[in-house]
Amino acid sequence: DSLDILEENVEKILKGEGLEVRELDSARDQVQPVTLRKDVCYIVAAVIFNSKEEVLMVQEAKTECYGRWYLPAGRMEGGESILEALQREVKEEAGIDCQPITMLLVQEQGPQWVRFIFLAEVTGGSLKTTAEADGESLQAQWWNRESPLPLRGRDILSLIAAGLKYKKNPWFQALKPVDIPCQVICQRPLLTFVTSSGDSSEEDRLWLLLSNSKGEDASSNPHLPVKISNKRCTVTWAVLRLVKECMSSSYSRLNVTMCGILGLQHNGRVLGKTDGICFNTLVFLEYSEGGPETGGPPPLDGDCYRWHEVTNQRLRAKMLQRIKEGSVLPVHSL
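Report follows, based on the coordinates.

Calculation rules
- Residues numbered from 1 in each chain as written.
- Predicted model: local features only at pLDDT ≥ 70, side-chain atom pairs only at ≥ 80, totals over all residues.
- Heavy atoms only, no water.
- Helix = DSSP H or I, 4+ residues; strand = E, 2+ residues; numbered from the N terminus.
- Rg over C-alpha atoms; globule rule 2.2 N^0.38 Å.
- Buried < 20%, exposed > 50% of the residue type's maximum accessible area, 1.4 Å probe, protein only.
- Contact = heavy atoms within 4.5 Å.
- Areas by Shrake-Rupley, 256 points an atom, 1.4 Å probe, with all protein chains shown as cover.
- Lys, Arg positive; Asp, Glu negative; His and termini not counted.
- Charge placed at Lys NZ, Arg CZ, Asp CG, Glu CD.
- Phe/Tyr/Trp six-rings, centres within 6.5 Å; stacked < 30°, edge-to-face > 60°.
- Pairing = 2+ DSSP bridges.
- Salt bridge = Lys/Arg side-chain N within 4 Å of Asp/Glu carboxyl O.
- Disulfide = S-S within 2.5 Å.
- Axes fitted to C-alpha atoms, helices over the stretch in contact; angles between N-to-C directions.

### With respect to the overall build of the protein
The helix and strand tally for the protein stands at five helices and 14 strands. Its C-alpha atoms give the protein a radius of gyration of 22 Å, within 12% of the compact-globule value 20 Å for 334 residues. For the protein, the spread of C-alpha atoms along the principal axes amounts to about 70 × 45 × 35 Å. Each of the 334 residues in the protein was classed as buried or not, and the buried ones make up 53%. Long-range pairs, those at least 24 residues apart, make up 73% of the contacts in the protein with a sequence separation of at least 6. For the protein, the computed accessible surface area is about 15700 Å², with 47% contributed by carbon and sulfur atoms. Within the protein, the 45 negative side-chain charges are centred at a point lying 4 Å from the centre of the 38 positive side-chain charges.

Now the structure itself:
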């Protein structure tokens, strides 16, 4: 049954797993595979603590920030995965072998610049000394976050704080990239809407936006929408474009909340063919203050999409909990 398959797929997304990207949701979306360092730039950064909760820092060798300190970070290279890039950068800059615990945050400035910040732990190696200085870094040290240290940028302070917060009280499930190839940067949102009966004895109803397959019987194979990002449409804004496209008559009265990332898919093994990323996200839609009390989700334009009421109680409870608690990986547009 197609709805059973749909619910299984939603469960996978909620668990941080992935789904192959087979179809994009607009005839206007021209599928042009992205190429690393040509169309996109991916950056990795590591937040690593020792037993004293000191954070791993590296001293920069670059001319523009020579002698200043920063987290181990750098650009991904062609032919490597996100996790391989993370481990390579930490080894080159700090002399440390590491393994990721979870992604902490994704920052993006359009598809041209996306940074993946990881909380990681040491598995081997030794701190890079001044005798090993090279073009990657001058040395590495543990920083207690109190001693004076000339920083390359204060943006890392919030990343370090997020790492400490997660270590003490994880507010979302540990999340790592899933190895599924993708040609473009795109977003697969669980775009939700909740309607309340106003009666405390009755449960709220949960609605999920689905994309209909192209063809004569469009509604026979409903699936989650996938919206492409481009140079003018960032990851965060891709879902706004989707809402505006399919709910234009209600768009001005709607609030769209990007709750965060449930998972991301990337492979990167074949330069120019698998450099894309699919972000699986959780999005909450509601009417702004004074919006209509329709008793149902916003009307849709055309037949490309449709609302599906989630009646599976277990799945519904999981989705409502994630929406309410905000227990998802943050994504920030810069």
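### Things to note about the packing of aromatic side chains
Under the criterion given, the structure shown has six aromatic pairs. With 5.9 Å between their ring centres and 85° between their planes, F193 and Y287 make a pair best called edge-to-face. Here the residue F193 occupies a position in strand β8 (residues 185–195), and Y287 occupies one in strand β12 (residues 277–287), the gap between them amounting to 94 residues. Using a relative accessible area of 13% as the deciding quantity, one classes Y287 as buried. On the numbers, 6.3 Å between centres and 55° between planes, the contact of F193 with W307 is tilted. Within this pair, whereas F193 is found in strand β8, its partner W307 is found in strand β13 (residues 305–309), the two being separated by 114 residues in sequence.

### Overview of the pairing of strand β1 (residues 42–48)
Within β1, seven of the seven residues are buried, leaving the element largely enclosed by the surrounding structure. Here seven bridges tie β1 to strand β6 (residues 114–125), and the two strands are oriented parallel to one another. Bridging from a neighbouring strand, Y42 pairs with V114 of β6. As judged from the three bridges shared by β1 and strand β4 (residues 73–75), these two strands associate in the antiparallel manner. By the bridge assignment for β4, A45 is matched with A73.

### Here we look at the environment of W142
Residue placement: W142 occurs in strand β7 (residues 139–143). The partly exposed category is assigned to W142, whose relative accessible area is 24%. If we ignore the near neighbours within four places in the chain, the residues touching W142 are I48, F49, N50, E54, V55, L56, V122 and L127.

### Some details on the pattern of salt bridges
As enumerated under the stated definition, the model contains 17 salt bridges in all. Residues R205 and E309 are paired through a salt bridge, measuring 2.8 Å at the closest nitrogen-oxygen approach. Taken as a pair, R205 in strand β9 (residues 205–211) and E309 in strand β13 lie far apart in primary sequence, 104 residues in all. In this structure E309 comes out as partly exposed when scored by relative accessible area, which is 23%. Through salt bridges that share partners, E77, E80, R88, E89 and E92 make up one connected network.

### Side note on the state of the cysteines
One pass over the full model with this rule turns up zero disulfides. Looking at the unpaired C259, the closest cysteine sulfur is the one in C246, lying at 17 Å.

### Notes on the sheet that holds strand β2 (residues 55–59)
Taken in spatial order, the three strands of this open sheet run β3-β2-β7, and their pairing is antiparallel. Either end of the sheet is taken by a strand with one partner, and the two such strands are β3 (69–70) and β7. Here β2 pairs with β7 via five bridges, running antiparallel. Each bridged residue has a counterpart across the sheet, and for V55 the counterpart in β7 is W143. Its contacts with the sheet put helix α2 (residues 82–94) on β2 and β7, and the angle it makes with β2 is roughly 65°.

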